[in-house]
Amino acid sequence: MRMPLRTFGRAFLPVALVGAAIIVVWYILAVRGNWAQVQQQNPTITGFWNTARATMQVDQPWVPTPHQVVQNLYQSLDRSPNDPRAIWVHLGTTGAEMGLGLLAGGVLGLLIATLFVHSRPMERAFLPWVVASQTVPVLALAPIVISIFGITLTGKVVVTSYLVFFAVAISAIKGLRSADPLAHELMRSYAANPWQIYWKLRFPAALPFVFTGLKIGATAALVGAIVAELFGSNYGLGQRIVFASYYTQTIVWWSTMLAASLLGLAAYSLLAGAERLIVRARPPQT
Amino acid sequence: MKTPGVLRSAAPPEISIEHVSMTFAGQGRSTNALQDVSLSVRAGEFISLLGPSGCGKSTLLRLIGDLLRPSAGDLRVKGKTPTQARRDRDYGMVFQAPVLYEWRDVTRNVQLPLEIFGVPRGERDQRAANLLDLMGLREFAKSYPWQLSGGMQQRVAIARALSFQPSILLMDEPFGALDEMTRERLNMELLNLWRQTGSTIIFVTHSIPEAVFLSTRVVVMTPRPGKVERVIPIDLPQPRGAETREQPEFFRYLTECRACLREEHAL
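Along each chain, residue indices are assigned from 1 in the same order as the chain's sequence is written. Chains carry letters and ligands carry numbers; both start at the beginning, A for chains and 1 for ligands, and go up in the order they are written. This being a predicted model, a pLDDT of at least 70 is required before a residue's local features are given, and a value of 80 or more before pairs of side-chain atoms are given or counted; all residues contribute to the totals for chains, interfaces and linings.

Engineer: I keep staring at the overall build of chain A and nothing clicks. Help me out?
Structural biologist: Numbered from the N terminus, helices here are DSSP runs of H or I no shorter than four residues, and strands are runs of E no shorter than two. Tallying secondary structure elements over chain A gives 11 helices and 0 strands in all. Ordering the α and β elements of chain A from the N terminus gives α-α-α-α-α-α-α-α-α-α-α. For 286 residues, the compact-globule formula gives about 19 Å, and the C-alpha radius of gyration of chain A, at 24 Å, lies well above that figure. The C-alpha extent of chain A, read off along each of the three principal axes, is 90 × 55 × 35 Å. Relative to its full complement of 286 residues, chain A shows a buried share of 36%. Here, residue contact means that the backbone-derived C-beta atoms of the two residues sit within 7 Å. Contacts spanning at least 24 positions in sequence make up 75% of the contacts within chain A whose residues lie at least 6 apart. For this measure, only C-alpha atoms enter the radius of gyration; the expected value for a globule follows 2.2 Å times N^0.38, where N is the number of residues. Every C-beta atom is placed from the backbone, and the number of other C-beta atoms within 10 Å of a residue's own sets its class: buried at 20 or more, exposed at 12 or fewer, partly exposed in between.

Engineer: Sorry if this is basic, but what is going on with the domain arrangement of chain B here?
Structural biologist: In many analyses, interface size is given as the accessible surface area lost on bringing the parts together. Residue and element names in this part refer to chain B. Start and end positions for the domains come from either an automated domain assignment or a database one. As far as domains go, chain B holds domain 1 (15-90 + 167-266) and domain 2 (99-165). Relative placement of domain 1 and domain 2: their C-alpha centres are 25 Å apart. Contacts between the two partners involve 10 residues from domain 1 and, on the opposite side, 7 residues from domain 2. When residues in the side of domain 1 that touches domain 2 are grouped by element, the largest group, 4 residues, is from helix H6 (residues 180-197). Under the scheme applied, nonpolar residues are Ala, Val, Leu, Ile, Met, Phe, Trp, Tyr, Cys and Pro; charged residues are Asp, Glu, Lys and Arg; polar residues are all the others, including Gly. Residues belonging to the side of domain 1 that touches domain 2 are distributed by class as follows: 7 nonpolar, 2 polar and 1 charged.

Engineer: Mind showing me how you'd approach the packing of helix H3 (residues 106-116) of chain B against helix H5 (residues 150-162) of chain B here?
Structural biologist: Angle between the axes and distance between the axes: these two values describe a pair of packed helices. All names here are of chain B. Between the N-to-C directions of two axes lies an angle of 0 to 180 degrees, each axis being a line fitted to C-alpha atoms and, for a helix, fitted only over the stretch in contact. Following both chains from N to C, one finds H3 and H5 inclined at 35 degrees, their axes separated by 7 Å at the closest point. Between H3 and H5 the crossing geometry is right-handed. Contacts between H3 and H5 involve Val106, Asn109, Val110, Leu112 and Pro113 from the first element and Val156, Ala159 and Arg160 from the second. Each residue belonging to the contact of H3 with H5 can be placed in one class, and the counts come to 6 nonpolar, 1 polar and 1 charged. Crossing chirality is assigned from the near helix's rotation relative to the far helix, an anticlockwise turn below a right angle marking it left-handed and a clockwise turn marking it right-handed.

Engineer: How should the packing of helix H6 (residues 138-149) of chain A against helix H7 (residues 153-176) of chain A be read in this particular structure?
Structural biologist: All names here are of chain A. One way to put it is that H6 packs onto H7 with a least axis distance of 8 Å and a crossing angle of 145 degrees. In this structure, H6 crosses over H7, and the sense of that crossing is right-handed. Of the residues in H7, those in contact with Val138, Leu141, Ala142, Val145, Ile146 and Phe149 of H6 are Thr154, Gly155, Val158, Val159 and Leu163. For the contact of H6 with H7, the per-class residue count stands at 9 nonpolar, 2 polar and no charged.

Engineer: What am I meant to see in the confidence of the model for chain B here?
Structural biologist: Detail in the predicted coordinates should be disregarded across regions flagged by low pLDDT. Put simply, chain B has an average pLDDT of 88, and 94% of its residues get 70 or more. The quantity called pLDDT is the predictor's confidence in a given residue, expressed from 0 to 100. Predicted confidence for residues 1-8 of chain B stays below pLDDT 50, and this span has 1 contact to residues more than four positions away or in other chains.

Engineer: Whenever I open this one, the sheet that holds strand S4 (residues 72-77) of chain B confuses me. Can you help?
Structural biologist: Note: strands within a sheet are paired through backbone hydrogen bonds, in either parallel or antiparallel orientation. Residues and elements named next belong to chain B. Pairing is antiparallel in the open sheet, where 3 strands are placed in the order S2-S1-S4. The strands lining the two open edges of the sheet, one partner per strand, are strand S2 (30-41) and S4. The mean angle between the axes of side-by-side strands here comes to 25 degrees, regardless of whether they run parallel or antiparallel. For two strands to be treated as a pair, DSSP must find no fewer than two bridges joining them.

Engineer: Would you mind going over the interface of chain A and chain B with me for this structure?
Structural biologist: Counting residues at the interface gives 16 residues for chain A, matched by 19 residues for chain B. Elements with a minimum of two residues in the side of chain A that touches chain B: helix H8 (181-189) and helix H9 (194-230) of chain A. Broken down by element, the residue count for the side of chain A that touches chain B peaks at 6 residues, all from H8 of chain A. Taken together, the residues of the side of chain A that touches chain B sort by class into 9 nonpolar, 2 polar and 5 charged.

Engineer: What is the right way to look at the sheet that holds strand S3 (residues 46-50) of chain B in this model?
Structural biologist: Residues and elements named next belong to chain B. Here we have 6 strands laid out as an open sheet, ordered S5-S6-S7-S3-S8-S9, and mixed in their pairing. On the outer flanks of this sheet lie strand S5 (91-94) and strand S9 (227-233), each paired with one strand and no other. On average, each strand axis in the sheet is tilted by 15 degrees relative to the strand beside it, whichever way the strands run. For strand S8 (residues 217-222) and S9, the ladder comprises 6 bridges, and the chain directions are antiparallel. Looking at S9, one finds that valine 219 is bridged to valine 231. Against the sheet, helix H1 (residues 57-64) contacts S3, strand S6 (168-172), strand S7 (200-205) and S8, and its axis sits at roughly 150 degrees relative to S7.

Engineer: Help me out: how do you make sense of the domain arrangement of chain A in this one?
Structural biologist: According to the domain assignment, chain A contains domain 1 (5-63) and domain 2 (88-278). Computed over C-alpha atoms, the centres of domain 1 of chain A and domain 2 of chain A are 36 Å apart.

Engineer: Could you clarify how one ought to interpret the pairing of S6 of chain B in this entry?
Structural biologist: It is a general feature of regular strands that their side chains alternate between the two faces of the sheet. Residue and element names in this part refer to chain B. Burial analysis of S6 places 5 of its 5 residues in the buried class, the great majority of the element. Burial of the side chains of S6 extends over both faces: Ile168, Leu170 and Asp172 are buried on one face and Leu169 and Met171 on the other. Of the strand pairs in this sheet, S5 and S6 are connected by 4 bridges, and their pairing is parallel. Each residue of the ladder has a partner; that of valine 94, found in S6, is methionine 171. Of the pairings in the sheet, the one linking S6 to S7 comprises 5 bridges and is parallel in character.

Engineer: What is the right way to look at the environment of threonine 256 of chain A in this model?
Structural biologist: Residue and element names in this part refer to chain A. Mapping threonine 256 onto the fold places it in helix H11 (residues 250-278). Residues threonine 256 and glutamine 239, 17 residues apart in the sequence, show an inter-C-alpha distance of 9.8 Å. Contact partners of threonine 256, with chain neighbours within four places excluded, come to Leu237, Arg240, Ile241 and Ala244.

Engineer: Help me out: how do you make sense of H3 of chain B in this one?
Structural biologist: The periodicity of an α-helix, 3.6 residues per turn, causes residues three or four places apart in sequence to face the same way. Residues and elements named next belong to chain B. Burial of H3 is extensive: 8 of the 11 residues sit out of reach of the surface. Buried residues of H3: Val106, Thr107, Asn109, Val110, Gln111, Leu112, Pro113 and Leu114, and no others. Phi turns positive, to about 75 degrees, at glycine 118, one or two residues after H3.

Listed below in structure tokens is the structure:
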């Protein structure tokens, strides 16, 4: 598809400007953060510019600079999977935990929402419990789940799907009820059965809502997966953070952060793309 | 079986409404939407329910269509209860809003009832194509509802209602949201469809010219409580066309309906 230069500029320029601003602030913070460390380790370095340059080349800096972080991430791409600094294997592990959590949590959330919109008593009895389930902080829940399931994929997926199901259930409940009452009367005039009403009216009307729930759930699942990995894992971005903090490899730590945010972005874009494919032909959003 | 000796008209009424009342229970007080309404409709008639808002004309339509149950009185459609008639798919419904499913294109919107009735794919496609031709929508077969004007959308809604060839069309101010020009054109199209299909039409409107132009009988209704003020047979020659609106009798009927509505309001 051809993209006119102006459209491209309009879409890309604001993002690029904000990105540039973040990088500038980041460098300022790095220089400021490592200043004392440089002066302590190398008293021979004097003058503002010399010191500033040195703050960007520290091995284990308090605040790594953007280029150090990006360089570390780039070098991590082709390290062997047994090297804790490798990135693909960790991205893959955390990504799988997220993906399976999205799938299991999505299905569970949709099932619960379907149950609730068809039975008010069910909703009244169980919705408060669903809400209460999310008041437990994932930081408290994760070690309990890991201690039950051990250092397994299942344990991580339990944590991620636990976070996803809520986001999907809450938006799907609204979505399954979002169809025009007249559209329901139309179904009634056709003497449609509940199964037909669900698949031909409620479900398609709920789809955009379900995708919103999945997108919110994806970011929650990422955090959930990493937190769960902190409490016991062989691979995963959380495991890489544990390694980095143990050996005070701050650059590795920060590059893990960058990798995590890229993974989150990728998951979000993937869902947005799927939404565009599946929920086609809607009026342009205002 | 007809009982010998009892005098009956040759054909039983398509829709018979006897002493029907409808009360909506509200918080503390109830609203009397319809009071003691009786009406008999023969097969193939075009009946307009005409009146100001709050006169219960939509309520009466919804009672016939089994979207509501009457508080009192008896309602029969082809000798059956409205519920049975609905289950037998006797009703095609058209509302003021087109109520198209936005995730379906025009063709699939028209096919919606056919899918529900389990009509096979090939026949569904055939019937939808025929209807879209009939309604002048062929080039929009693959368009989505939001890409169509209001008049087009309402045409699709009518095609959808006709798709399963119901014997009774229930129309609740179907052209109420359209501009005057579009409305008059769709009125003509509706008359043509009515002639071709021979279906019975119950048509709710608050437009006097629309009611007079379309109907074989106009049921004038008045509010608080909703009741039938008068039933006016419209003896304008069929088939009707643009010239019908120029005839002196047409204006005489307009005046008659207007007077009938005004009488009630003077009270």
